[in-house]
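# Structural features, examined
If you want the building blocks of each chain, they are given just below.
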Amino acid sequence: MSNAHAVIVGASHAAAQLSVGLRQSGWEGGISVVGSEAIPPYHRPPLSKDYLGGDKHADELLIRPAAFYQQQDINLVLGTRVTALDRANKEIELHDGARIPYTKLALTTGAAVRKLPLTGSDLDGVLYLRELSDVDRIRGYLGAGKSAVIIGGGYIGLETAASLRKQGMNVTVLEAQPRVLQRVTAPEVSAFYSRVHREEGVNIMTEAQVQAISGEGRVQGVTLSDGTHIDADLVIIGVGVIPATELAETAGLEVDNGIVVDEYARTSDHDIVAAGDCTNHYSAIYDRRLRLESVQNATDQAKLAAGTLCGKLEAYNALPWFWSDQYDLKLQIAGLSQGFDRVVMRGDSESGRSFAAFYFSGERLLAVDAVNRPKEFMSVRRALTQGQSADPEVLADDSADIKQAFST
Ligand SMILES: Cc1cc2nc3c(=O)[nH]c(=O)nc-3n(C[C@H](O)[C@H](O)[C@H](O)COP(=O)(O)OP(=O)(O)OC[C@H]3O[C@@H](n4cnc5c(N)ncnc54)[C@H](O)[C@@H]3O)c2cc1C
């Protein structure tokens with residue numbers, strides 16, 4: 001056993017993978033994972049899906065059982081916030097003032113919800129959704145026939161709407177932009193999700209500017225800037241996240257919309273790596289820097305970061321992919337659609353519940369949004385990984401074999 005000590009700050013998807021990856025890459029020293037949430041790393045995506053819907057118990061969310069970390073001699077320090085990073089002495093400081101020395105450090109601090117400074121946002125019944133404890137709190141306000149207002153029509157807002165509808169609640173989604181999912185999808189896909197949510201009984205309001213949340217002690221409603229009032233027993237705010245970079249920034253590491261890392265997940269201090277939602281990395285596939293918010297990125301980047309800390313350098317070049325589950329819809333996304341100038345549709349998004357939207361920039365296929373279309377998702381994922389191009393005419397022809405669309 002070596003005296004070296006690897007410390008990982010944050011205990012979620014990236015940390016779970018990084019700690020195990022260190023052992024797999026031959027790290028023989030100590031490993032400590034310090035996280036502010038009180039439970040071992042768990043799968044975050046089910047929070048707005050099965051867990052909010054009551055279909056899963058907290059134990060079922062754990063990425064690995066606590067005993068696994070013990071077997072691997074990985075020390076979990078939970079319910080503990082790291083407040084400072086002292087690079088000169090190679091120590092981290094905890095909220096109670098205790099200090100832990102490190103030989104190598106990994107920052108997997110993820111992202112935190114963007115807060116809305118609205119009048120009434122401190123009322124009882126106004127909540128955010130990022131952590132398991134947030135959902136446990138939300139649970140106290142659920143009930144058939146009660147009214148929920150969700151501020152934000154992104155993936156998390158829409159998944160939350162679907163889960164609350166399933167429980168018989170009256171649900172309104174307020175989106176400030178002209179369409180839901182505007183930042184991440186084509187108008188066709190936004191129109192599809194608005195339609196399905198309306199079919200399921202959700203009141204979707206776009207171009208809705210929230211002016212204030214009202215109530216006395218406890219939330220009673222939301223008022224829009226045009227004077228519209230919507231009753232609410234519960235308000236959930238889901239307007240995006242910001243990367244948790246304070247520790248890195250205060251310690252003088254380079255930060256620019258995330259902790260800046262190189263292709264080996266190294267920060268500007270090479271004894272410190274970072275992985276997951278908190279990072280900003282260069283993508284050779286898209287030839288630009290990216291800050292991603294996905295389990296794929298957290299896991300793949302962490303795997304590589306573990307190798308880096310063990311002296312095994314491998315450049316990060318994974319294809320981004322993502323998913324979202326709402327009602328009977330399984331959306332799978334391969335690639336990144338930002339910068340697209342054309343969308344090719346396969347299947348019927350206007351009245352059906354199964355289609356694929358292929359995003360192009362000129363001749364180049366960038367990404368696919370595949371709803372209940374695993375074959376299309378898998379084909380595009382493979383094609384983008386292998387640098388293949390695609391024939392838009394074959395893609396658009398739902399009767400043609402999808403495999404015929406790709407060539408090298
Ligand atoms: C409701 C919801 C649904 C989602 N659904 C999907 C989905 O369907 N598909 C998908 O790919 N992604 C989804 N995501 C995103 C995905 O969960 C994140 O990309 C992923 O969790 C990132 O993992 P991470 O380890 O980088 O960071 P995080 O999961 O953000 O974890 C960071 C951890 O570090 C802790 N921390 C931060 N600072 C400190 C500190 N100073 N000291 C100690 N601890 C600290 C935080 O408390 C947190 O526990 C969803 C996210 C949410 C919230």
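Residue indices begin from 1 for each chain and proceed along its sequence in written order. Per-residue local features of the predicted model are confined to residues with pLDDT of at least 70, and side-chain atom pairs are confined, for both listing and counting, to 80 or more; whole-chain, interface and lining totals are unaffected and use all residues. Each side-chain value is derived from all of the structure's non-hydrogen atoms; neither hydrogens nor water enter the calculation.

## Thoughts on the overall build of the protein chain
The line we're drawing: Secondary structure counts use DSSP, requiring at least four H or I residues in a row for a helix and at least two E residues in a row for a strand, with both numbered from the N terminus. Any residue under 20% of the maximum accessible area for its type is buried, any over 50% is exposed, and the rest in between are partly exposed; the area is computed with a 1.4 Å probe on protein chains only. Contacts between residues were defined by any pair of non-hydrogen atoms, one from each residue, lying within 4.5 Å.
A count of helices and strands for the protein chain gives nine helices and 28 strands. With the C-alpha coordinates of the protein chain rotated into their principal frame, the extents come out at 65 × 60 × 35 Å. Relative to its 408 residues, the protein chain shows a buried fraction of 52%. In the protein chain, the proportion of contacts linking residues at least 24 apart, taken out of those at least 6 apart, comes to 60%.

## Comments concerning the domain arrangement of the protein chain
In plain terms, the rule: An automatic or database domain assignment supplies the start and end points of every domain. Note on definitions: buried area is the accessible-area loss of two parts on being combined, 1.4 Å probe, summed for both. Salt-bridge detection follows one rule: a side-chain nitrogen of Lys or Arg within 4 Å of a carboxyl oxygen of Asp or Glu.
Under the domain assignment used here, the protein chain contains domain 1 (5-112 + 241-309), domain 2 (126-237) and domain 3 (328-407). Each of domain 2 and domain 3 was reduced to a C-alpha centroid, and the two centroids are 29 Å apart. Each partner contributes to the interface: domain 2 provides 13 residues, whereas domain 3 provides 18 residues. In this assembly, domain 2 packs against domain 3 so that about 1200 Å² is buried in total across both faces, 57% of it on carbon and sulfur atoms. For the domain 2 face of the interface with domain 3, the top three residues by lost area are Phe192, Tyr193 and Arg195, together amounting to 38%. At the junction of domain 2 and domain 3, the tally comes to two salt bridges.

## Details of the pairing of strand β11 (residues 170-174)
Cut-off, in case you're wondering: Viewed with both strands pointing away, a crossover whose connecting path from the first strand over the helix to the second turns clockwise is right-handed. Two strands are said to pair when DSSP picks up at least two bridges between them.
Within β11, four of the five residues are buried, which leaves the element mostly enclosed by the surrounding structure. At this point the chain moves from strand β10 (residues 147-151), through helix α4 (residues 155-166), to the parallel β11, and the crossover so formed is right-handed. Of the strand pairs in this sheet, β11 and strand β12 (residues 203-205) are connected by three bridges, and their pairing is parallel. Note that in β12 the partner of Val173 across the bridge is Ile204.

## With respect to the packing of aromatic side chains
For any pair of aromatic rings, the description consists of the separation of the ring centres together with the inter-plane angle of the planes. As a reminder of what qualifies: A pair of Phe, Tyr and Trp rings is counted when the ring centres sit within 6.5 Å of each other, with Trp represented by its six-membered ring. The angle between the planes then sorts it: under 30 degrees is stacked, over 60 is edge-to-face, the rest tilted. Here, a charge over a ring means that NZ of Lys or CZ of Arg falls within 6 Å of the ring centre while also lying within 35 degrees of the ring normal.
Here the structure, examined in full by the defined rule, presents eight aromatic pairs. Seen from their ring centres, Phe322 and Trp323 are 6.5 Å apart, and the 35 degrees between their planes marks the pair as tilted. Using a relative accessible area of 22% as the deciding quantity, one classes Trp323 as partly exposed. Note on Phe340 and Tyr359: the rings are 4.9 Å apart at their centroids and 75 degrees apart in plane angle, and the pair reads as edge-to-face. Highlighted residues: Phe340 in the loop between β23 (329-335) and β24 (342-348) and Tyr359 in strand β25 (residues 354-361), separated in sequence by 19 residues. We note Arg139 situated over the ring of Tyr51; from NZ or CZ to the ring centre the distance is 4.4 Å. Above the plane of the ring of Phe360 lies Arg342, whose end atom (NZ or CZ) is 5.2 Å from the centre.

## Some thoughts on the environment of Arg87
Selection rule: Polar contacts, as counted here, are pairs of nitrogen or oxygen atoms within 3.5 Å of one another; within protein the pair requires one atom able to donate a hydrogen and one able to accept it, and residues that are adjacent in sequence qualify only if both atoms are side-chain atoms.
Mapped onto the secondary structure, Arg87 falls in the loop between β4 (82-86) and β5 (91-94). The spacing of Arg87 and Ile236 is 149 residues in sequence and 39 Å in space, taken between C-alpha atoms. Looking at Arg87, its side chain comes within polar contact range of the main-chain oxygen of Ala251, at 2.7 Å.

## Quick look at the pairing of strand β26 (residues 364-371)
Every other side chain in a regular strand lies on the same face of the sheet, so the side chains alternate between the two faces. For β26, the buried fraction is high: seven of the eight residues fall into the buried class. Relative to β26, β23 runs antiparallel, the two sharing five bridges. By the bridge assignment for β26, Ile333 is matched with Asp369. Bridge analysis of β25 against β26 gives seven bridges, and the strand direction is antiparallel. Pairing of Tyr359 across the sheet is with Ala367, part of β26. The turn joining β25 and β26, which pair antiparallel and follow one another in sequence, is formed by two residues; a positive phi near 60 degrees is taken by Gly362.

## Regarding the nonpolar core
Quick reminder of the rule: By convention a nonpolar core is built from buried Ala, Val, Leu, Ile, Met, Phe, Trp, Tyr and Cys residues, the set being connected through side-chain atoms within 4.5 Å.
Leu164, Tyr193, Leu234, Phe358, Leu395 and Phe406 are the most contacted members of the largest nonpolar core, which totals 65 residues. Every residue in contact with Phe406, bar those within four places of it in the chain, is listed here: Leu365, Ser379, Val380, Ala383, Gln388, Ser389, Ala390 and Leu395. The next biggest cluster of nonpolar side chains, apart from the first, holds 24 residues, and it includes Ile8, Leu22, Ile74 and Ala275.

## Let's talk about the packing of helix α1 (residues 13-24) against helix α7 (residues 295-309)
Rules: To obtain an axis, a line is fitted to C-alpha atoms, over the contacting stretch when the element is a helix, and the angle between two such axes runs from 0 to 180 degrees between their N-to-C directions. Just so you know how the angles are binned, under 35 degrees is roughly parallel, over 145 roughly antiparallel, 65 to 115 roughly perpendicular, and the rest oblique. Two helices cross in a left-handed way if the nearer one is turned anticlockwise from the farther one by less than a right angle. They cross in a right-handed way if the turn is clockwise. Note on residue categories: nonpolar means Ala, Val, Leu, Ile, Met, Phe, Trp, Tyr, Cys or Pro, charged means Asp, Glu, Lys or Arg, and polar means any other residue, Gly included.
One can describe the packing of α1 onto α7 by two numbers: an axis separation of 8 Å at closest approach and a directional angle of 30 degrees. Classified by the angle their axes make, α1 and α7 are roughly parallel. Between α1 and α7 the crossing geometry is right-handed. From α1, His13, Ala14, Gln17, Leu18, Gly21 and Leu22 reach across to α7, where they touch Val295, Ala298, Thr299, Ala302, Lys303, Ala305, Ala306 and Leu309. Taken together, the residues of the contact of α1 with α7 sort by class into nine nonpolar, four polar and one charged.

## Here we look at the site of the ligand
Here is the rule: Here a residue counts as near a molecule or strand whenever at least one of its heavy atoms sits within 4 Å of it.
Taken together, 34 residues surround the ligand, and among them Ser12, Glu37, Arg44, Lys49 and Arg130 come closest. In this structure, Ser294 approaches the ligand through a main-chain N or O atom, which is 2.9 Å from an oxygen atom. For the ligand, an oxygen atom lies 3.0 Å from a polar atom in the backbone of Val295. At the level of elements, α1, β2 (30-35), α7 and β22 (321-326) are the ones that each hand at least two residues to the shell around the ligand.

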